[in-house]
Amino acid sequence: MTDYVDAGEAVPHKTLSATKGEAPATSDVNHERIQNATSEPENWLTYYGTYDGQRHSRLDGINRDNVKKLVPAWVFQAGSVGLQSGSSTYSFEASPLIVEGVMYVSGPEGKLWAIDATTGEELWRYRHASPYDVSLCCGNVNRGVAVGHGKVYLYTLNAHLIALDAQTGDLVFDVVNGDVRAGESGTVAPLIVKDKVIVGSSGGEFGLRGHLDAFDAQTGERQWRCYTIPKPGEPGSETWPDDGEAWQRGGANCWVTPTYDPELELLYQGTGNPAPDFDGGVREGDNLYTDSTIAVDVNTGEIRWHYQFTPHDLWDYDSTMENVLFDAPDGRKLLAHADKNGYFFVLDRTNGELVRVFPFVDRITWGEITPEGKVTAKVYPDEEGVPVHFWPGPAGGKEWTHMAYSPNTGLIYVPVQEVGATATRRRREFKESIPYWGAGVAVDLDDHYGFVAAIDPLTGEEKWRWRNEFPMCASTLSTGGGLVFQGTPTGEFVALDEQTGEKLWSFQCGSGHHSSPSTYSVNGRQYIAVPTGWGGWVEGFLPGLLGAAAGSAIFVFALPEN
Amino acid sequence: MTATESDRGSELHAAGLDGQNRTALGRLLGTGSIGYAEEGSDGVMRATVRIPEDELIWEPSILVFPHGGDVELTLINDDKNTHCAVLPSDGDPKIIWLVNHSKGSARLHLGGPGTYYYGSTTGNDEGRGLTAALVFGGEVPDSAKIDRPAQPRP
């Protein structure tokens, strides 16, 4: 036999593509600039667009009068090669960031791209290799990146915080922040505040002890970790059994990006469900700080105040979803939170005092919350082996997908899910890395619907609703053009009149929406960007569409140039 | 090899699952032998994988590494057909084209712990058995662990 043919050395896959390998230089994005992001609506600088989580842009080039002319400007297809983690659950959940004509967006499976925001041309790509067997409680997903300090930050499925050079996509640092052997993962979009980059834990179904973490944005050195379950002796520990191990597995993960008040220097972090989700008998007490908003001092990581929405949760009612910051006409600093449990809360964000609570869904059977905030559980899995049906189901009246607040109307546009579930308590012992629910759960396959609700947070009044056959499982976007954009589970991307809820435009994207659209402009032309790709924890929020077409693409819309 | 593994091999063989075009069309994924990488004094973990003639399999099919880190693979195609390998690596997957009777290499970085799969993604290969595993043991750094007492594992 002759000598082997020299096959050389393996080369990066991307070298066999048209990707350019470099993005144009942009101005530095720093804390001050993000803090004033409202003043540069041509960019979408941070996860929610602005620190306050309003998901509103002043851009008005696309408006009620011309939205009917909206057409696709370009489409970016993500695709995949080979086996991937949680291959049946991938979903395109991100909110694209845009800085001076460059889009930075993450997809499932550790993928991150820099894309020309006007043409869709791929400028560079990075793919963090993800173990096939990493535990993903709710799908192969990532909700986005942070951009700043000349870098792009991604929190990976296997809980690495990585920083890349924003211009080249080259790795700057890679810090491990979670324990995959404990069932921990990473899905959250990082947040840059000051010199820090903030991320939190995912893995709510594996009995973790949740945490929020801050790292030096330049070096990756840890600055603080805030545990969301107190150890024995710490404040809040009295809400856990004295003699047990429940606190060690208590949950309260932080898998949605916090909002931030620069004046108060407080992060508003929603926390996840307690573990086990449905078996409260092994964790008697209120189980702080699960299902709460915690106000965290950004400088120290200390919890300044908390408000718990579902004490001693027995329904998987995470409260991780956003806390939208807005000010009342009298100047009072408020916070709005639409919880999984079906109630809409308005809090004083300086101290956590309840201002108002009211239901925002049609069907609530699990319990009741009085206007004063008193919580009474009514229907819950209690007796071993006995099925219990309740509304809302474990995905909640609203899941992580975000609402938007328009300062023009004073309304909050909420994507609502009306779907129930049946849980049957099945006690099990805890084993690290094994799902820890404490129940068998089946979410309803029918009798579901959804709507976008326009809610006045100052009164609790629902001004209008746009009803849909299926629950709404994507974020809303509010614009200065008087529009509310919303994707549906069946693939339509719609524009609603912010005043009336009338549907003014729609486009079928070919796969369901479970992401957060953003908007930007380049050379005066406004664009609307929306990742599409049905997937994630579908069995939780809409199992009736478990068989719907998957996808993995970004659609970008604009008005015709002429 | 333990008695159990031997039994497993016999069972796969008896069922016609450990070769091409026996019971199934291809070879069942996850069959094949287990190999171990060797860690050099430079900290790089090295191993060799080979495509035997007409088997459409990487041998060993499962490579075990003690921990995450830098990897150097030698890839040998002893087959009389052309194949390739697309291998996971932080930053971007790496690809190497392996014509008949060729030999090449791949330098990878994989964080672990956990299992990563690679394979020949050419048209005739996927699904037939040319998908293999790189398995990394070890634990995450102490700085990444949760502050709690050691927990029971399965």
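Up top is the structure.
Residues numbered from 1 in each chain as written. Chains lettered and ligands numbered in written order. Predicted model: local features only at pLDDT ≥ 70, side-chain atom pairs only at ≥ 80, totals over all residues. Heavy atoms only, no water.

> Looking at this structure, I do not really get the overall build of chain B. What am I missing?
In terms of regular secondary structure, chain B is built from one helix and ten strands. Secondary structure elements of chain B, listed N to C terminal, follow the sequence α-β-β-β-β-β-β-β-β-β-β. In chain B, which comprises 154 residues, the share counted as buried stands at 47%. At a minimum sequence separation of 6, the contacts of chain B that also span at least 24 residues come to 57%. Just so you have it, chain B exposes about 7200 Å², and 50% of that area is on carbon and sulfur atoms. (Helix = DSSP H or I, 4+ residues; strand = E, 2+ residues; numbered from the N terminus. Buried < 20%, exposed > 50% of the residue type's maximum accessible area, 1.4 Å probe, protein only. Contact = heavy atoms within 4.5 Å. Areas by Shrake-Rupley, 256 points an atom, 1.4 Å probe, with all protein chains shown as cover.)

> Explanation requested: the environment of A:V99 in the structure shown.
Residues and elements named next belong to chain A. Counting through the fold element by element, V99 comes out in strand β5 (residues 97-99). A residue is classified by how much of its surface remains accessible, and V99, at 1% relative accessible area, is buried. Remark: the alpha-carbon pair of V99 and A117, spanning 18 residues in sequence, is separated by 9.0 Å. In contact with V99, not counting residues within four places along its chain, are T26, V29, R33, N43, L45, Y104 and V147.

> Looking at this structure, how should I read the pairing of strand β9 (residues 114-119) of chain B?
Along a regular strand, successive side chains alternate from one face of the sheet to the other. All names here are of chain B. Counting buried positions along β9 yields five of six residues, so the element is predominantly enclosed. Note that β9 and strand β10 (residues 131-136) share six bridges and pair antiparallel. Counterpart to G114 in the pairing with β10 is F136. (Pairing = 2+ DSSP bridges.)

> Whenever I open this one, the pattern of salt bridges confuses me. Can you help?
All names here are of chain B. This structure, assessed with the given rule, holds 45 salt bridges over all chains. Among the ionic pairs, K80 bridges to E53, the shortest N-O distance being 3.4 Å. With K80 in the loop between β5 (69-77) and β6 (83-87) and E53 in the loop between β3 (45-51) and β4 (62-65), the pair connects residues that are 27 residues apart, well separated along the chain. With relative accessibility at 57%, the residue K80 sits in the exposed group. Residue classification places E53 among the partly exposed positions, given a relative accessible area of 39%. With a closest N to O distance of 3.0 Å, R153 and E139 form a salt bridge. Separated by 14 residues along the polypeptide, R153 in the segment after β10 and E139 in the segment after β10 bring together distant segments of the chain. According to the relative accessible area criterion, E139 is partly exposed, its value standing at 41%. (Salt bridge = Lys/Arg side-chain N within 4 Å of Asp/Glu carboxyl O.)

> Looking at this structure, how should I read the sheet that holds strand β12 (residues 171-176) of chain A?
Two pairing modes exist for strands in a sheet, parallel and antiparallel, and in both the strands are linked by backbone hydrogen bonds. Residue and element names in this part refer to chain A. The sheet built from four strands is open, its strands ordered β9-β10-β11-β12 with antiparallel pairing. Because the sheet does not close on itself, it has two edges, and the strands there are β9 (146-148) and β12. Ignoring which end each strand starts from, the neighbouring axes of this sheet average 15° apart. Sheet analysis places β9 next to strand β10 (residues 151-155), joined by three bridges and oriented antiparallel. Bridge assignment links A146 to a residue of β10, and that residue is Y153. (Axes fitted to C-alpha atoms, helices over the stretch in contact; angles between N-to-C directions.)

> So what exactly am I meant to see when it comes to the environment of B:H13 here?
Residue and element names in this part refer to chain B. Mapped onto the fold, H13 is located in helix α1 (residues 3-14). Separated by 18 residues in sequence, H13 and T31 place their C-alpha atoms 10.0 Å apart. When neighbours within four sequence positions are excluded, H13 is seen to be in contact with D18 and R22.

> How do you make sense of the interface of chain B and chain A when you look at a structure like this?
For interface size, the figure often reported is the accessible area lost on association. Residue-level contacts link 50 residues of chain B with 51 residues of chain A. Interface area, chain B with chain A, both sides summed: about 4100 Å², of which 55% is carbon and sulfur. Per-residue buried area on chain B facing chain A is highest for B:H101, B:I146 and B:R148; these three make up 16% of the total on that side. On the surface where chain B and chain A come into contact, there are five salt bridges. Salt-bridge contacts for B:R153 lead to A:E432; the nearest nitrogen and oxygen are separated by 2.9 Å. On inspection of chain B and its partner chain A, the count reaches 30 residue pairs in polar contact (both at pLDDT 80 or more). Secondary-structure elements contributing two or more residues to the side of chain B that touches chain A are β5, β7 (94-98), β8 (102-110), β9 and β10 of chain B. Ranked by residues supplied to the side of chain B that touches chain A, first place goes to β8(B) with seven residues. Per-class residue counts for the side of chain B that touches chain A are 22 nonpolar, 16 polar and twelve charged. Relative to β7(B), strand β2 (residues 11-12) of chain A runs antiparallel, the two being bridged by two bridges. Bridging from a neighbouring strand, A:P12 pairs with B:K94 of β7(B). (Buried area = accessible area lost by both parts, 1.4 Å probe. Polar contact = N/O pair within 3.5 Å; in protein donor to acceptor, adjacent residues only side chain to side chain. Nonpolar A, V, L, I, M, F, W, Y, C, P; charged D, E, K, R; others polar.)

> What is the right way to read the nonpolar core from this model?
Counting residues in hydrophobic clusters, the biggest one holds 87 residues, and the most contacted among them are A:M103, A:Y104, A:L267, A:F485 and A:Y520. Residue contributions to this core peak at six residues, all from strand β40 (residues 553-558) of chain A. Dropping the residues within four chain positions of it, A:F485 is found in contact with A:I62, A:V67, A:L70, A:S475, A:T476, A:L477, A:T479, A:F493, A:V494, A:A495, A:W505 and A:I528. One finds B:A37, B:L73, B:L87 and B:L110 within the second-largest nonpolar core, a separate group that totals 27 residues. (Core = buried A, V, L, I, M, F, W, Y, C linked by side-chain atoms within 4.5 Å.)

> What am I meant to see in the pairing of strand β24 (residues 354-359) of chain A here?
Residue and element names in this part refer to chain A. With five bridges connecting them, strand β23 (residues 343-348) and β24 associate as antiparallel partners. Bridge assignment links L347 to a residue of β24, and that residue is L354. If you look at the hairpin formed by β23 and β24, you'll find five residues sitting between the two strands, and G352 has a positive phi there, around 80°.

> Quick question: what am I supposed to make of the sheet that holds strand β14 (residues 196-200) of chain A here?
Residue and element names in this part refer to chain A. Read across the sheet, four strands follow the order β13-β14-β15-β16 without closing on themselves; strand pairing throughout is antiparallel. Each edge of the sheet is formed by a strand with only one pairing partner; in this case those strands are β13 (191-193) and β16 (222-227). Ignoring which end each strand starts from, the neighbouring axes of this sheet average 25° apart. One ladder, built from three bridges, connects β13 with β14; its direction is antiparallel. Each bridged residue has a counterpart across the sheet, and for I192 the counterpart in β14 is V197.

> How do you make sense of the packing of aromatic side chains when you look at a structure like this?
Within a pair of aromatic rings, the relevant descriptors are the distance that separates the centres and the angle that separates the planes. All names here are of chain A. Counting across every chain of the model gives 35 aromatic pairs over all chains. With 5.0 Å between their ring centres and 15° between their planes, F344 and F358 make a pair best called stacked. Pair noted here: F344 is in strand β23 and F358 is in strand β24, with a separation of 14 residues, a long-range link. F358 carries the same exposure label as F344, and that label is buried. Members of the aromatic cluster, joined through ring pairs, are F485, F493, W505, F507, F555 and F557. (Phe/Tyr/Trp six-rings, centres within 6.5 Å; stacked < 30°, edge-to-face > 60°.)

> Looking at this structure, I do not really get a nonpolar patch on the surface. What am I missing?
A contiguous nonpolar patch, built from A:V5, B:W97 and B:V99 and spanning about 260 Å² of accessible area, is present on the exposed surface. Tracing the chain through its elements places B:W97 in strand β7. (Patch = residues over 30% accessible without salt bridge, like charges linked within 9 Å, V, L, I, M, F, W, Y side chains within 5 Å.)

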